[in-house]
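Chain and residue survey
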Amino acid sequence: MSTTKLPASYYQHDDVVFLAKDLIGKTIVSMVDDQRTSAIITETEAYRGVGDKACHAHLGRFTDRTKIMYETGGVAYVYLCYGIHNLFNIITNTNEQADAILIRAVEPVDGIDVMLARRGKSTVDKTLTSGPGNFSKAFGLDRSHYGADLTGDTVWIASTPITSTPLSDLASTPLNYRSEQITTSKRIGIDYAEEDKDLPWRFYLNTSKFVSKR
DNA sequence: GAAACGATTTACT
DNA sequence: GTAAATCGTTTCA
């Protein structure tokens, strides 16, 4: 298992769309309730701060929920969606741009038994960690992790190389990715965002089974 | 204080 | 494809 935790400076890059694509293939790790889980990031979406109609911080909206988005990049933004699902985001950039990246799907590597228990499942299939609500639940992430420091020891991201063996029967993920293995599309579930709803700011690893929607 | 609204998931027709 | 579940956040009065 790689221990190359990404530093705070990584998250402070000023192009959230670039970072959303760059995160594909990296490893995300959580240590919650003394249980470690890790997985390869397979699907993300970029939300570009105050200028993006799909972003919760559009036009500088500043509330108890969104205030963390204005922090310096490298913290978590977790919120409850539809009263049911905790959605996990990474805040990026500096200068209070309120940029965020939503983690939409991952491919399990370590702690699969823990993920199964948290999801109430007995067998692994793509629904274990595909879809932002399912990913967060499998990783034990909820609003108690609002504002979590991604350079801390609860939830973080590690760069490749990945030394653990991915799921042998379900994973098809190589350790290095070429651009044609990453598909770009419009974001999911934001049709209210008017002229910004079709921006190509969703990325997924098209060689993985662990993707929410094709 | 009241009401509408989701960056979703799952089950059912 | 359609619909229900479910509740904190936001907006409006």
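Remember, it's a predicted structure, so these values are computed and weren't measured experimentally.

Time to look at the protein's contact with DNA strand B. Around DNA strand B lies a shell of 21 residues, among which H56, Y79, N89, G131 and Y192 are the nearest. Sugar and phosphate atoms form 54% of the subset of DNA strand B atoms that lie within 4 Å of the protein. Between DNA strand B and the protein, one listed contact pairs a base nitrogen with a backbone N or O atom of G83 at 3.4 Å. N134 places a polar main-chain atom, nitrogen or oxygen, 3.4 Å from a phosphate oxygen of DNA strand B. Put simply, the parts of the chain that give the surface near DNA strand B at least two residues each are β3 (76–81), β4 (85–92), β5 (99–110) and α4 (132–138). Looking at the surface near DNA strand B, its residues break down into 11 nonpolar, eight polar and two charged.

The next subject is the environment of S136. Here S136 shows up in helix α4. Among the residues examined, S136 registers a relative accessible area of 1% and is labelled buried. Taking the C-alpha atoms as reference points, S136 and N86, 50 residues apart in sequence, are found 6.3 Å from one another.

Most of β4 sits out of view: seven of its eight residues are buried. Here β3 pairs with β4 via six bridges, running antiparallel. By the bridge assignment, L80 is partnered in β4 with N86. Linkage of β3 to β4, two consecutive antiparallel strands, is achieved through a turn of three residues, within which Y82 is found at a positive phi near 55°. As paired strands, β4 and β5 are joined by four bridges and run antiparallel to one another. Looking at the pairing, T92 lines up with D99 of β5. A loop of six residues connects β4 with β5, the two strands running antiparallel in sequence, and N93 in this loop sits at a positive phi of about 70°.

All right, on to unusual backbone geometry then. Unlike most non-glycine residues, N95 shows phi in positive territory, near 60°. Looking at N95, the relative accessible area reads 63%, which means it is exposed. Here E194, not a glycine, exhibits a phi torsion of approximately 50°, which is positive. Summarising the element assignment, E194 is placed in the loop between β7 (182–185) and β8 (202–205).

So, about the protein's contact with DNA strand C. In the vicinity of DNA strand C, the contacting residues are R61, T63, R65, T66, L80, Y82, G83, I84 and R143. In this structure, a phosphate oxygen belonging to DNA strand C sits 2.2 Å away from a side-chain N or O atom of T63. Grouping the amino acids of the surface near DNA strand C by side-chain chemistry returns three nonpolar, three polar and three charged.

Let us look at the layout of surface pockets. Empty space within the largest pocket amounts to approximately 560 Å³. Together, 27 residues line the largest pocket, and Y79, C81, Y82, L87 and I188 are the ones closest to its centre. Contributions of two or more residues to the lining of the largest pocket are made by β2 (35–48), β3, β4, β5 and α4. Per-class residue counts for the lining of the largest pocket are 15 nonpolar, nine polar and three charged.

Per-residue pLDDT for chain A has a mean of 92; in total, 91% of the residues score no lower than 70. Scored below 50 in pLDDT, residues 162–174 shows 32 contacts in the model against residues more than four places distant or in partner chains.

Applying the stated rule across the entire model yields 10 salt bridges. As a salt-bridge pair, K186 and D198 come within 2.9 Å of each other at their nearest N and O atoms. One end of the pair, K186, is in the loop between β7 and β8; the other, D198, is in the loop between β7 and β8, with 12 residues separating them in the sequence. Its relative accessible area of 43% is what places D198 among the partly exposed residues. Among the salt bridges present, the one from K197 reaches D198, with a minimum N-O distance of 3.1 Å.

Definitions and cut-offs
- Residues numbered from 1 in each chain as written.
- Chains lettered and ligands numbered in written order.
- Predicted model: local features only at pLDDT ≥ 70, side-chain atom pairs only at ≥ 80, totals over all residues.
- Heavy atoms only, no water.
- Near = heavy atom within 4 Å.
- Polar contact = N/O pair within 3.5 Å; in protein donor to acceptor, adjacent residues only side chain to side chain.
- Helix = DSSP H or I, 4+ residues; strand = E, 2+ residues; numbered from the N terminus.
- Nonpolar A, V, L, I, M, F, W, Y, C, P; charged D, E, K, R; others polar.
- Buried < 20%, exposed > 50% of the residue type's maximum accessible area, 1.4 Å probe, protein only.
- Pairing = 2+ DSSP bridges.
- 1 Å grid on protein atoms, 1.4 Å probe; cavity = no way out; pocket = protein on both sides within 12 Å on 5 of 7 lines; lining within 4 Å.
- Points joined across faces, edges and corners; volume = space filled by probe spheres on them.
- pLDDT = per-residue confidence, 0-100.
- Contact = heavy atoms within 4.5 Å.
- Salt bridge = Lys/Arg side-chain N within 4 Å of Asp/Glu carboxyl O.

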